[in-house]
Amino acid sequence: MRNLDKPKRRWHIVVFLLPAVLVYTAIMIIPLFGTLQLSLFTTIDREQVFIGFDNFRTLLGDERWSQSFWNALKNNAWFFLVHMIVQNPIGIAIAAMLSSSALRFSSFYRTAIFIPTILSFVIVGFAWKLILSPIWGIAPGMLDAVGLRFLFEPWLGKEEYALTTVALISVWQFVGIPMMLIYAALLSIPDEVLEAGEIDGLTGMSAFWKIKLPLILPSIGIISILTFVGNFNAFDLVYTTQGALAGPNYSTDVLGTLLYRTFFGFQMQLGDPNMGSAIAMMMFLVILIGVCIYLFGIQTRMRRYQF
Amino acid sequence: MKSTFLVATLLATTFLSTAASAQEVTLTIESWRNDDLTIWQDKIIPAFEAANEGIKVVFSPSAPTQYNSALNAKLEAGTAGDLITCRPFDGSLSLFEAGYLSEVGDLENMENFGSVAKSGWSTDDGSATFCVPMASVIHGFIYNKDAFAEIGVEVPTTVDEFFDVLDAFKEDGTYIPLAMGTADQWEAATMGYANIGPNYWKGEEGRLALIAGEQKLTDPGWVAPYEQLERWGEYLGDGYEAQSYPDSQNLFTLGRAAIYPAGSWEISGFNAQVDFEMGAFPPPVQNAGDDCYISDHVDIAIGMNAASPNSEAARTFLNWVGSGDFADLYANSLPGFFSLSNAQIEMSDPLAQEMVSWRQDCGSSIRPFHQILSRGTPNLANEYWVTSANVIRGTMTPQEAGQKLQDDLSSWYPPQQ
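The rules behind these values
- Residues numbered from 1 in each chain as written.
- Chains lettered and ligands numbered in written order.
- Predicted model: local features only at pLDDT ≥ 70, side-chain atom pairs only at ≥ 80, totals over all residues.
- Heavy atoms only, no water.
- Helix = DSSP H or I, 4+ residues; strand = E, 2+ residues; numbered from the N terminus.
- Rg over C-alpha atoms; globule rule 2.2 N^0.38 Å.
- Buried < 20%, exposed > 50% of the residue type's maximum accessible area, 1.4 Å probe, protein only.
- Contact = heavy atoms within 4.5 Å.
- Areas by Shrake-Rupley, 256 points an atom, 1.4 Å probe, with all protein chains shown as cover.
- Lys, Arg positive; Asp, Glu negative; His and termini not counted.
- Charge placed at Lys NZ, Arg CZ, Asp CG, Glu CD.
- Domains from an automatic or database assignment.
- Buried area = accessible area lost by both parts, 1.4 Å probe.
- Polar contact = N/O pair within 3.5 Å; in protein donor to acceptor, adjacent residues only side chain to side chain.
- Nonpolar A, V, L, I, M, F, W, Y, C, P; charged D, E, K, R; others polar.
- Salt bridge = Lys/Arg side-chain N within 4 Å of Asp/Glu carboxyl O.
- Patch = residues over 30% accessible without salt bridge, like charges linked within 9 Å, V, L, I, M, F, W, Y side chains within 5 Å.
- Axes fitted to C-alpha atoms, helices over the stretch in contact; angles between N-to-C directions.
- Parallel < 35°, antiparallel > 145°, perpendicular 65-115°, else oblique.
- Left-handed = near helix turned anticlockwise from the far one by under 90°.
- 1 Å grid on protein atoms, 1.4 Å probe; cavity = no way out; pocket = protein on both sides within 12 Å on 5 of 7 lines; lining within 4 Å.
- Points joined across faces, edges and corners; volume = space filled by probe spheres on them.

Looking only at helices and strands, one finds 14 helices and four strands in chain A. Since a compact globule built from 307 residues should have a radius of gyration of about 19 Å, the 24 Å found for chain A marks it as more spread out than a globular shape. In terms of its C-alpha atoms, chain A occupies a principal-axis envelope of roughly 90 × 75 × 30 Å. Split into buried and exposed, the 307 residues of chain A put 37% on the buried side. Long-range pairs, those at least 24 residues apart, make up 65% of the contacts in chain A with a sequence separation of at least 6. For chain A, the accessible area works out to roughly 18100 Å², and carbon and sulfur atoms hold 68% of it. For chain A, the distance from the average site of its 20 positive side-chain charges to the average site of its 18 negative ones is 10 Å.

Residue and element names in this part refer to chain A. Taken as a whole, chain A is organised into domain 1 (2-49) and domain 2 (63-301). Look at where the C-alpha atoms of domain 1 and domain 2 centre, and you get two points 32 Å apart. Contact residues are listed per partner, giving nine residues for domain 1 and eight residues for domain 2. Looking only at domain 1, the three residues that lose the most surface to domain 2 are Leu-32, Leu-38 and Ser-39, adding up to 58% of its buried area. At the junction of domain 1 and domain 2, the tally comes to four residue pairs in polar contact (both at pLDDT 80 or more). Of all the secondary structure elements, the ones that give two or more residues to the side of domain 1 that touches domain 2 are helix 2 (11-39) and strand 1 (41-44). Residue contributions to the side of domain 1 that touches domain 2 peak at five residues, all from helix 2. Considering only residue class, the side of domain 1 that touches domain 2 consists of four nonpolar, five polar and no charged.

What follows concerns the interface of chain B and chain A. Tallying the contact residues gives 33 residues for chain B and 23 residues for chain A. Note on chain B versus chain A: buried area summed over both sides is about 2500 Å², and carbon and sulfur give 57% of it. Where chain B meets chain A, there are four salt bridges. One salt bridge connects Asp238(B) with Arg149(A), and the closest N-O pair in it is separated by 3.4 Å. Along the contact surface separating chain B from chain A lie nine residue pairs in polar contact (both at pLDDT 80 or more). Secondary structure elements with two or more residues in the side of chain B that touches chain A: helix 4 (90-97), helix 12 (245-253), helix 17 (380-393) and helix 18 (398-410) of chain B. Counting residues per element, the side of chain B that touches chain A draws most heavily on helix 17 of chain B, at seven residues. Residue composition of the side of chain B that touches chain A, by class: eight nonpolar, 15 polar and 10 charged.

Okay, a negative patch on the surface next. All names here are of chain B. On the surface, a cluster of negative charge is contributed by Asp-146, Glu-150, Asp-160, Glu-161, Asp-164, Asp-167, Glu-171, Asp-172 and Asp-275. The element contributing the most residues to the negative patch is helix 7 (residues 159-172), with six residues. Along the chain, Glu-171 turns up in helix 7.

In this section: unusual backbone geometry. The step from Gly247(A) to Pro248(A) runs through a cis peptide bond, and the omega angle for that step is -10°. Of note, the amide linkage connecting Thr377(B) to Pro378(B) takes the cis form, showing an omega dihedral of 0°. Take Pro378(B): it is sitting in the loop between strand 10 (363-365) and helix 17. Look at Tyr250(A): it is not a glycine, yet its phi comes out positive at around 60°. Positionally, Tyr250(A) belongs in the loop between helix 12 (236-242) and helix 13 (255-264).

Now for the packing of helix 2 (residues 37-51) of chain B against helix 15 (residues 324-333) of chain B. Residue and element names in this part refer to chain B. Two elements in contact, helix 2 and helix 15, have axes whose closest approach is 10 Å; the angle formed by their N-to-C orientations is 165°. Classified by the interaxial angle, the pair formed by helix 2 and helix 15 is roughly antiparallel. Seen from above, helix 2 lies across helix 15 with right-handed handedness. Between helix 2 and helix 15, the residues in contact are Ile-39, Trp-40, Lys-43, Ile-44 and Ala-47 and Phe-326, Leu-329, Tyr-330 and Ser-333, respectively.

This brings us to the side chain of Asn382(B). Positionally, Asn382(B) belongs in helix 17. The contact partners of Asn382(B), leaving out residues within four places of it in the chain, are Leu245(A), Phe266(A), Gln267(A) and Gln269(A).

Below, the discussion takes up empty space enclosed by the protein. All names here are of chain B. A complete count under the given rule lists one cavity of 30 Å³ or more for this structure. Taken as a whole, the largest cavity encloses approximately 50 Å³ of empty space. Lining of the largest cavity is provided by Phe-89, Asp-90, Leu-93, Ser-119, Gly-120, Ser-122, Asp-124, Gln-371, Ile-372 and Arg-375. For the lining of the largest cavity, a count of residues per class yields three nonpolar, four polar and three charged. Residue-level mapping places the lining of the largest cavity at the junction of two domains, with at least three residues from each of domain 1 (21-136 + 297-353) and domain 2 (138-296 + 366-416).

Printed below as a string of C-alpha cells:
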C-alpha cells in the first residue's frame, strides 16, 4: 500500500535528456569553462601563470587595449543596429507581401530571397567585393547607366562607409531568415480571426497593424535575439571582405576580428591565447547580458494569444 | 609443395621490401610555399635525390596564412615533418627557444652566408643560427617599358624625376601612373614605406639606430618616406581605396598601369602574364648622386625539427641547401627569390638580373620593423600597415603617422622610452 504513495521515479526523463546533456557539456560547457580558465592565466617564460583578472584589467584599463576593445564593441553595436533597422523590417514586409493571396509566383520569390542565406560567407563576401570593385565591378557601370555615376564611391575602402557597407551585405545575405520565420508565423494565424476582423471593418493595412502584427510579435522577439547573437559573433564576412586587420584603419573591426588577431596572432604578431580568451569571455558576457535583458525584460511581458 | 613455395616467395618479398625501406630515409618538408610545389617536385628534390642515394624527400606545403598556426600545432603534437621552412625573425626564434628547432650553425656550408643573411634566423646576440638561409626578396619598381616609350619619359633616378614621370602619365591619361591600392593595407607599408624608406633612413644605419634607441620614428628620416607616400595618393587609380592586391597586379599585367611598386617575388608571375616589355628601377634617391639603399629582405630559410628521427639525413639535406648548387638551382627556378649565399650565381631572367644588380651599387637593408621591434603589443608591423594606408588615403598626416608609431613603440620598448 505504501508503495503507491511514493512518487514513481521517472527514469525515462533522465534517459531522454542524457544524450543532449552529454554532447552539450562536452562541446559547449567544458570549452566555455576552459576559455574562462585560460583567460585568468598569462604566459611567462613558457609557463602558464595565474594572474586573476589582470587580463581583463589590461583589456579595459590599458589605453591601447581599451581603445581597440571599445572600437570593436561600438562597431558591433552599429552592425547590429543596421540589421535591426534594415534587415528585420524588410524581412517582415516581404513576409507580409508573400502571405497575401493576391501575389503570384510567391513560392518563386520566397526561394529566391532565401537562397543567399544558404551560401557561404566566403562566396558572398567575394562576390560583393567584385560587384563593388571600382575597377572590375558592375556597380559603377550600373550607376553610370542611370546617370548617377557621381554617387559611386569605393565604399569598402572608405573609413566612413566601410562598416555600413559590410553590414548591408550581411543584411542582403540574411534577410531570408526573418522573412521565413515571420512568414511561418503569419500562416499560422487562423482565417477566422482575420474574417472576424473584416466583419468589424479591419481590412488591408489596418488588418496587418491591428491583428497580424500583435500576433507575430513573439516571432519578432525571437528574430531580434537571433540577430543580436549572430551579429555579436560576427567574424566571417568582415574577415573575407576586409581581412583580419579589418581596414581601413580598423573601421570594420568587430569583436570577432579583434579576438582572431589576438588569439591566433597575425603576420608578425604572435598569438596570445590568454588575452584572446579574455576577449572571448567579454564577447560571451555581452551576449549573455543582451539575452538576459530580452528573456527577463521583454519576453516575460509579452502577451500570448491562444486561438 | 606448391603452397610452401608460394608462402616462401611471399615471405621473401616481405623481407626484401623491409630491407629496402630500412636503407631508405624519407624526409618531409613543412612549407608555406604551395605556389612552388611543382618546382620542388620536378627540379629541386630530383637534383638532391640524384646526389644523395637513400634519402627521399617529400615537399608538403600548407596554405601561407595557416602555416604558422598549423606548424605550431604539429610541433606540439609531435607530428611535424623533419625539415621546417622558417619564417624570418621572431616566428622561428620562438620555435628555436621552445626547443623545436635544432641549431644548424655548425654545418659545413654555413660559411657561405654573411651575417646579414643569417640575421633572420639567429638569436639576438648572433650566437646561434637555427635555419639555413634560402632567399631574400628585393623591393623596387617594375615598369612598363612600352608605356614609357609611348609617353616619352626616361627611367627616374631622383624623387623629383619620379614625380615628373608620374605627372607625365597623369597628364596623358592613357595609363594609371601607379598600380597600388590601400584595401589590403600591407602593400602601402611593404611596397610603399619599406620600399622607398631606406634611402631616407640610410638603410641598416638607421634601422640599427632605431633598435638601439638612438633615433626616433618622429625623426625626419622616418617621417620623410610618409611625406612621399602622401603624394602617391593622387597618382593611384580611381577608387584605389577599395583596390586589392590582386587588382593592382592585374592592372599592371593587363597594361593599364605604368609603374608597379613591387617586390621581386612578382617576377615569375608577371613574366607569365604580360605581353609588353618590363623593366625595373630602384627606389629613387632625394638628390642626384646620393648613396642609394634598397630593401633586400631576408624572407625564407629552412631548419630541422629537433624531434626528427632522421637527423643525419636532415643535416645532409640542410648542408646541401647551403651549397652553391642549390643556390643556383633555386634562384633560377624561382626568379625573384634571390639566394643569400655568397656563391657566384648566374641568373637567366633579365628582370631578376636587373634587380639583383642593385646590390652592387646600393646598401642592402631589411624591412625596418621585423627584427625585435615587432615583439610587443601593439605590434609595430601591423600598425605601420595601417598608418601607411592612412597616409596615402590622406586621413593621417606624415607627422601624425610618425608620432603614432613612436607612441606605440615607446609604450613597450625600453630603449625608446
